[in-house]
Amino acid sequence: MLAVRSCLTGCCHIDLSPRIAQSTVARGPRRGFRSSTRSNPTVENSPTPAEIAPLLDKFATYPARPVTLSTLLSLGQPLTPQSVLNSVKHVLSEVPRLFGQRVRALEGLPFIVGMNPFIAKTLVAHRKAFQLLATYPPVKSLGDNANFTEQLEILVQTHVNDIPIMAKGFQECSRYMSPQQVSDFLDSAIRNRIAVRLLAEQHIALSRDLQNPSSRTIDHIGVVHMKCSPRSMIKMCGSFVSDLCEATLGSSPEIVIDGDGDATFAYIPVHLEYILTEILKNSFRASVERHHKLYGPSTDHPIPPVVLTIASPNSSSPHPAVLSIRVRDQGGGVSPANIPHIFSYSFTTARSSDDADEIGGPYAMQHVGGSAAIDSSMRGASGTGGLFSEIVGRGVQTGMGTIAGLGYGLPMSRLYAMYFGGSLDFFSLDGWGSDVFVKLRCLDQAGDVHIDSS
Amino acid sequence: MTWLLSPAKPFMLAGSSRRILTNVLTTTRSVGRRGLSNAQHFYGNKQLELYAAKEAKPMTLRQLVFFGRSINEERVIISGNYVRTELPVRIAHRLRDLQALPYIVVTQEGMDKVYEMYLSAFDRFRRFPEIKTLEDNEVFCKFVRELLDEHSTVIPNLSLGLSLASPYLAPNRLDSFMRRMLVSRISRRVLAEHHIALSKDLQARRRGNGASSDHVGIIYTALNIRKSVEKCAAYLRSRAFDVDHDMPKGANTTAAWSEIIVDGHTETTFPYIPEHLEYIIFELLKNSLRATRLTHADARTLPPIQATISAGENMVAIRISDQGGGLLLPQIKSPSDLFSFSHLRNSTRMEHSRLGALRSVSSSTKGITATVKEQLGSMSQPTTRERPDRTAPYPRIGIGLPMSNIFATYFGGSLELVSMDGYGTDVYLRLPKLGTNLEGIEV
């Protein structure tokens, strides 16, 4: 969520540097079983299980007191030194609890899976984070808070690529865990992480706003934009995806926006940005590839546009207010055989790259994704960066890998959409095109939603 | 029920059936409840149980089509006798299904009528003598045709009865019961209509007009979706703009209906039963047209409705997108509730206007068989001037979507609704090509 600012200002290159990850971690297995985790350089300053177990036990006994969204919003209304200090309290009670849950979940994985270097790395990082926060001295002044916020920012940065790293690990563990087990684990890990980042970044944003009132905009409460405009988000993500698509496929479709173009609603822009970017990547790639298939790569025939329709909720609505966005393309749709897989994490089923084209299309790639696509189109590029970089790591330099929306764009977008009670649904007209419906609850009316991992 | 008295059908009143039939007669003439709880009726259930114990003998669509490809006298007689012996078994199953419902449910208005109609149909069918000649078959076809027509009030009666019975039957149980009734009804009608169509084909061939090759029985081998959409669109758009008499005050009643734009794979043809496809499209377009009209009541030109056709390998799909404001009703929780017959899921079912419309349709002779044809018939009837009650020519009784859903899923297709609240609705209809996967499809 830090990415809001960084992306908007154009400096977005928080890359895990997968090459580093690979060089430090991936060597692990070759050393054989003798290499205990201790020999791993990233592991050295981390707490041992014995040190951390009592602390985990202690936190596990604390009753869950998830923060509601309205609490989170109220901290910024008005923003005062006291409200920032209250915000710290929430962060210091909830974030370590959430990290503790992840530690316990990772510790509960089968031993052989825990031995995977990527999974091991994740566990170590989580233990560190947990220990840091669980033993953090009380934050009593704004000065304390400045230090704490700095540490928190570093922590958030270090964990930016948790999911990709874990995903890589599970990909390698496909023999030891069923797709369903992996999928369930990742779902809850991602939800947990959305909660952690929301709490942390809300606090970071509030602290920053308090310190630097000139940077505040009236429509923001921390990371929540009270008048988020889907149209301008679409334009921003669309121009990014257009560039990416031009750079990798040579052409790109137009975007048409219709419906209620002037609608605004309260939402977290970075969530919407992630969702829209992933959907647009799929639609753009499908549209261009379909068009090439039908008319050849050099044709004057225009690529059919991707049409985004915005519907704002009716004020008299008896149901929770929901803003809907429909993304409609003529990219050929998805065959019924692939429909069941479009929300699966790519790496849960291994496939060879050869049949990737046959079963075809970017939506199917959600399923085949991962290694297959890397092997065929990204060899020599920046390794797994494209696959594993999340929104913050998006970059044209990752080329094909990024436009292909490899691996988990749709499943993860759906988790984001569902986090506050929204939805993401996919409908295909096989041989013609696809519709994606994103429905998001207006957050000013979603105060009851718990910031939690469930 | 006048046919029961007709001496022209002696086979019905023969032998031991007289008791049951007399019973039914009394029932229909006097107060229904008394007849149904009659002890005679209770002890007269033996024949029914005998048939209900038999298994239905489903036909795959492939068998039906292949059997019909080279129709001759012998085959028509085999087909007739299959229908003659199969239908009473299936009707008996449905009667047992009705008998197993809570007493309070079947004694609701409408349900008792359905029960009686089924019971008498069962009795007449099982007494129909074996078909040995083409002449026998002609009589049989006429008999079946009449029966199909008489049963046209079944759907509104069932729908009325179940709306009223909703408090006594959990929504899931209610909907699965209704589904069994309607699916069985479609199957029986497919079998019966197919047989009648085959008999006609044979007649035509004998007269020297070779049976047309565009269909086998009631299955059309190359049904053009665009043409079906355009046909329905033309009919629907030719109606008076205020056809439902529900325009808000001051609204523009002289505007024109929305354009219906067809795009996608517009030349797609596929093998299907036209009545089924057209019923669904007709209902969906009717809903879209109406929603758009009501949402944009003061607009000069209404936003268009887009129908996109796509042909996949084994399925065809039709997407209908309108700008009618979506499906957000306080009465329903999710769009799929609109497929339910339970008023607990869709409380619009208990509105007076709707119950009233169901009552009048249920007691009319014409009833509703869920076809486009009958709706066209009623549309061409005189309009409001001659209708002092100001009811719309085709009353809104709330069976369009539930029936469409049943028709769509009948051969393994699907119907999905997506609401863009505040903007419009997208409907996705998927139907299997009835030529490629005939084996698995049983009727």
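Residues numbered from 1 in each chain as written. Chains lettered and ligands numbered in written order. Predicted model: local features only at pLDDT ≥ 70, side-chain atom pairs only at ≥ 80, totals over all residues. Heavy atoms only, no water.

Visitor: Hey, could you run me through the overall build of chain A in this one?
Guide: A tally of helices and strands in chain A yields 17 helices and ten strands. The proportion of buried residues among the 454 residues of chain A is 56%. (Helix = DSSP H or I, 4+ residues; strand = E, 2+ residues; numbered from the N terminus. Buried < 20%, exposed > 50% of the residue type's maximum accessible area, 1.4 Å probe, protein only.)

Visitor: Help me out: how do you make sense of the interface of chain A and chain B in this one?
Guide: The accessible area lost on association of the parts is a frequent measure of interface size. At the junction of the two partners, chain A supplies 23 residues and chain B supplies 26 residues. Interface of chain A and chain B: buried area, both sides summed, is about 2000 Å²; carbon and sulfur atoms make up 60% of it. Three residues stand out in chain A for area buried against chain B, namely Phe427(A), Leu429(A) and Trp432(A), and they jointly supply 29% of the buried area on that side. Along the contact surface separating chain A from chain B lie three salt bridges. Residue Asp426(B) is joined to Arg328(A) by a salt bridge in which the shortest nitrogen-to-oxygen separation is 2.6 Å. (Contact = heavy atoms within 4.5 Å. Buried area = accessible area lost by both parts, 1.4 Å probe. Salt bridge = Lys/Arg side-chain N within 4 Å of Asp/Glu carboxyl O.)

Visitor: Sorry, what's going on with the layout of surface pockets here?
Guide: Empty space left among the atoms is revealed by rolling a probe the size of a water molecule over them. Residue and element names in this part refer to chain B. Of the voids in this model, the second largest pocket is the one considered here, and its volume is about 960 Å³. Contributions of two or more residues to the lining of the second largest pocket are made by α9 (134-150), α11 (171-206), α12 (225-237), α13 (274-295), α15 (372-379) and α16 (400-410). Looking at the lining of the second largest pocket element by element, the count peaks at ten residues for α11. Each of domain 1 (2-216) and domain 2 (219-432) contributes no fewer than three residues to the lining of the second largest pocket. (1 Å grid on protein atoms, 1.4 Å probe; cavity = no way out; pocket = protein on both sides within 12 Å on 5 of 7 lines; lining within 4 Å. Points joined across faces, edges and corners; volume = space filled by probe spheres on them. Domains from an automatic or database assignment.)

Visitor: Can you walk me through the pairing of strand β8 (residues 423-429) of chain A in this structure?
Guide: Across a regular strand the side chains alternate sides, sitting on one face of the sheet and then on the other. All names here are of chain A. Within β8, five of the seven residues are buried, which leaves the element mostly enclosed by the surrounding structure. With seven bridges joining them, β8 and strand β9 (residues 433-441) adopt antiparallel strand pairing. In the sheet register, Asp-425 faces β9, and the bridge partner there is Phe-437. Counting the residues between successive antiparallel strands, the hairpin from β8 to β9 contains three residues, one of them, Gly-431, with a positive phi of roughly 90°. (Pairing = 2+ DSSP bridges.)

Visitor: Explanation requested: the nonpolar core in the structure shown.
Guide: General note: in soluble globular proteins, nonpolar side chains tend to be found buried as a group. If you look at the biggest cluster of nonpolar residues, it comprises 117 residues, and the most contacted ones within it are Leu285(B) and Phe411(B). In terms of residue count, the dominant contributor to this core is α11(B) (eleven residues). When we break this core down by domain, the ones giving at least three residues each are domain 1 (2-216) and domain 2 (219-432) of chain B. Leave out the neighbours within four places in its chain, and Leu285(B) touches Val229(B), Cys232(B), Ala233(B), Leu236(B), Ile260(B), Ile305(B) and Ile320(B). With 105 residues, the next largest nonpolar core counts Ala205(A), Leu276(A), Ile310(A) and Leu443(A) among its residues. (Core = buried A, V, L, I, M, F, W, Y, C linked by side-chain atoms within 4.5 Å.)

Visitor: What should I look at first to understand the domain arrangement of chain B in this one?
Guide: Residue and element names in this part refer to chain B. Entries for chain B in the domain assignment read domain 1 (2-216) and domain 2 (219-432). Where domain 1 packs against domain 2, one counts two salt bridges. Residues Arg-345 and Asp-175 are paired through a salt bridge, measuring 3.0 Å at the closest nitrogen-oxygen approach. The interface formed by domain 1 and domain 2 holds eleven residue pairs in polar contact (both at pLDDT 80 or more) in total. Those elements that place two or more of their residues in the side of domain 1 that touches domain 2 are α5 (61-69), α10 (154-165), α11 and β1 (215-216). Counting residues per element, the side of domain 1 that touches domain 2 draws most heavily on α11, at 13 residues. Residue composition of the side of domain 1 that touches domain 2, by class: 16 nonpolar, ten polar and seven charged. (Polar contact = N/O pair within 3.5 Å; in protein donor to acceptor, adjacent residues only side chain to side chain. Nonpolar A, V, L, I, M, F, W, Y, C, P; charged D, E, K, R; others polar.)

Visitor: Whenever I open this one, the environment of Arg127(A) confuses me. Can you help?
Guide: Residues and elements named next belong to chain A. Position of Arg-127 relative to the elements: it lies in helix α7 (residues 117-134). Here Arg-127 falls in the buried class, since its relative accessible area comes to 11%. Taking the C-alpha atoms as reference points, Arg-127 and Gly-100, 27 residues apart in sequence, are found 7.8 Å from one another. For Arg-127, the contacting residues outside a window of four places in its chain are Pro-47, Pro-49, Ile-52, Val-103 and Glu-107. A polar side-chain atom of Arg-127 sits 3.0 Å from a polar atom in the side chain of Glu-107.

Visitor: I tried to follow the environment of Met233(A) on my own but got confused; where do I start?
Guide: Residues and elements named next belong to chain A. Positionally, Met-233 belongs in helix α11 (residues 230-249). What makes Met-233 buried here is its relative accessible area of 9%. Between the C-alpha atom of Met-233 and that of Lys-121, which follows or precedes it by 112 residues, the distance is 35 Å. Once residues within four sequence positions are removed from consideration, Met-233 is found in contact with Cys-228, Pro-269, Leu-272, Glu-273 and Leu-276.

Visitor: Where do I start with the packing of aromatic side chains in this structure?
Guide: Two numbers describe a pair of aromatic rings. These are the distance of the centres and the angle of the planes. This model, assessed by the stated rule, comprises 20 aromatic pairs over all chains. Seen from their ring centres, Tyr267(A) and Phe420(A) are 6.0 Å apart, and the 85° between their planes marks the pair as edge-to-face. Taken together, the positions of Tyr267(A) in strand β5 (residues 265-267) and Phe420(A) in the loop between α17 (409-419) and β8 put the pair 153 residues apart, joining distant regions of the chain. Phe420(A) gets classed as buried once you look at its relative accessible area, which sits at 1%. With a centroid separation of 5.1 Å and an interplanar angle of 50°, the aromatic rings of Tyr274(A) and Tyr416(A) are classed as tilted. With Tyr274(A) in helix α12 (residues 269-295) and Tyr416(A) in helix α17, this residue pair connects regions lying 142 residues apart in the sequence. Relative accessible area serves as the criterion here: at 2%, Tyr274(A) is assigned to the buried category. On the accessibility criterion, Tyr416(A) (5% relative accessible area) is buried. A connected cluster of aromatic rings, assembled from ring pairs, spans Phe265(A), Tyr267(A), Tyr419(A) and Phe420(A). Positioned above the aromatic ring of Phe343(A) is the side chain of Arg414(A), whose terminal nitrogen or guanidinium carbon lies 3.9 Å from the ring centre. In this structure, Arg293(B) is placed above the aromatic ring of Phe241(B), and the distance from its NZ or CZ to the ring centre is 5.8 Å. (Phe/Tyr/Trp six-rings, centres within 6.5 Å; stacked < 30°, edge-to-face > 60°. Lys NZ or Arg CZ within 6 Å of the ring centre and 35° of its normal.)

Visitor: Would you take a moment to explain α9(B) for this structure?
Guide: Residue pairs three or four apart in sequence face the same way in an α-helix, which turns once every 3.6 residues. The end-to-end C-alpha separation of α9(B) is 24 Å, in line with the 24 Å expected for 17 residues at 1.5 Å each. Where α9(B) is buried, its residues contact α6 (73-99), α8 (111-127) and α11 of chain B. (Expected span 1.5 Å × (residues − 1).)

Visitor: Looking at this structure, how should I read the confidence of the model for chain B?
Guide: Low pLDDT means the predicted atomic positions in that stretch should not be read closely. All names here are of chain B. Of the residues in chain B, 83% reach a pLDDT of 70 or more, and the chain-wide mean stands at 82. Helix α1 (residues 17-29) is the least confidently modelled element of chain B, averaging 40 in pLDDT, while strand β5 (residues 305-311) averages 97, the highest of any element. Between residues 1-34, whose pLDDT stays under 50, and residues either more than four places distant or in other chains, the model counts 52 contacts. Long-range and interchain partners of residues 382-392, a stretch whose pLDDT sits below 50, account for ten contacts in this model, where long-range means more than four residues apart. Predicted complex, confidence summary: ipTM 0.80, pTM 0.81. (pLDDT = per-residue confidence, 0-100.)

Visitor: Is there a simple way to explain a nonpolar patch on the surface in this structure?
Guide: A cluster of nonpolar side chains, contributed by Phe111(A), Ile112(A), Met115(A) and Tyr176(A), occupies part of the molecular surface with about 390 Å² of accessible area. Of note, Ile112(A) is situated in helix α6 (residues 111-114). (Patch = residues over 30% accessible without salt bridge, like charges linked within 9 Å, V, L, I, M, F, W, Y side chains within 5 Å. Areas by Shrake-Rupley, 256 points an atom, 1.4 Å probe, with all protein chains shown as cover.)

Visitor: What's the story with the packing of helix α10 (residues 179-211) of chain A against α17(A) in this structure? I'm lost.
Guide: The relative placement of two packed helices comes down to the angle between their axes together with the axis-to-axis distance. Residues and elements named next belong to chain A. Close contact between α10 and α17 brings their axes to 10 Å; oriented N to C, the two are set at 55°. By the angle between their axes, α10 is oblique relative to α17. Note that α10 runs across α17; the crossing there is right-handed. Across from Asp-187, Ile-190, Arg-191, Arg-193, Ile-194, Ala-195 and Leu-198 in α10, the residues of α17 making contact are Met-412, Leu-415, Tyr-416 and Tyr-419. The class makeup of the residues in the contact of α10 with α17 is eight nonpolar, no polar and three charged. (Axes fitted to C-alpha atoms, helices over the stretch in contact; angles between N-to-C directions. Parallel < 35°, antiparallel > 145°, perpendicular 65-115°, else oblique. Left-handed = near helix turned anticlockwise from the far one by under 90°.)

Visitor: Sorry, what's going on with the sheet that holds strand β4 (residues 269-272) of chain B here?
Guide: Hydrogen bonds between backbone atoms are what pair the strands of a sheet, whose relative direction is either parallel or antiparallel. Residue and element names in this part refer to chain B. On the basis of which strands lie adjacent, the open sheet formed by three strands has the order β1-β2-β4 and antiparallel pairing. With partners counted over all chains shown, the strands left at the sheet margins are β1 and β4, one partner each. As paired elements, strand β2 (residues 219-224) and β4 share three bridges and run antiparallel to each other. The residue bridging Asn-224 from the neighbouring strand is Thr-269, located in β4. In the packing of α13 onto the sheet, the strands contacted are β2 and β4, and the crossing angle to β4 comes to about 110°.

Visitor: Explanation requested: the confidence of the model for chain A in the structure shown.
Guide: Residues and elements named next belong to chain A. Within chain A, residue pLDDT values average 77, and 75% of them lie at 70 or more. The low-confidence segment residues 1-43, where pLDDT is below 50, has 68 contacts with residues more than four positions distant or belonging to other chains. Under a pLDDT of 50 for its full length, residues 364-406 has, in the predicted model, 116 contacts with residues more than four places off or in other chains.

Visitor: Any chance you could explain the sheet that holds strand β2 (residues 220-221) of chain A here in plain terms?
Guide: Residue and element names in this part refer to chain A. Overall, antiparallel pairing links the three strands, which are arranged β2-β3-β5 in an open sheet. One side of each edge strand has no neighbouring strand; the edge strands of this open sheet are β2 and β5. In terms of strand pairing, β2 meets strand β3 (residues 224-228) through two bridges, oriented antiparallel. Looking across to β3, one finds that His-220 is bridged to His-225.

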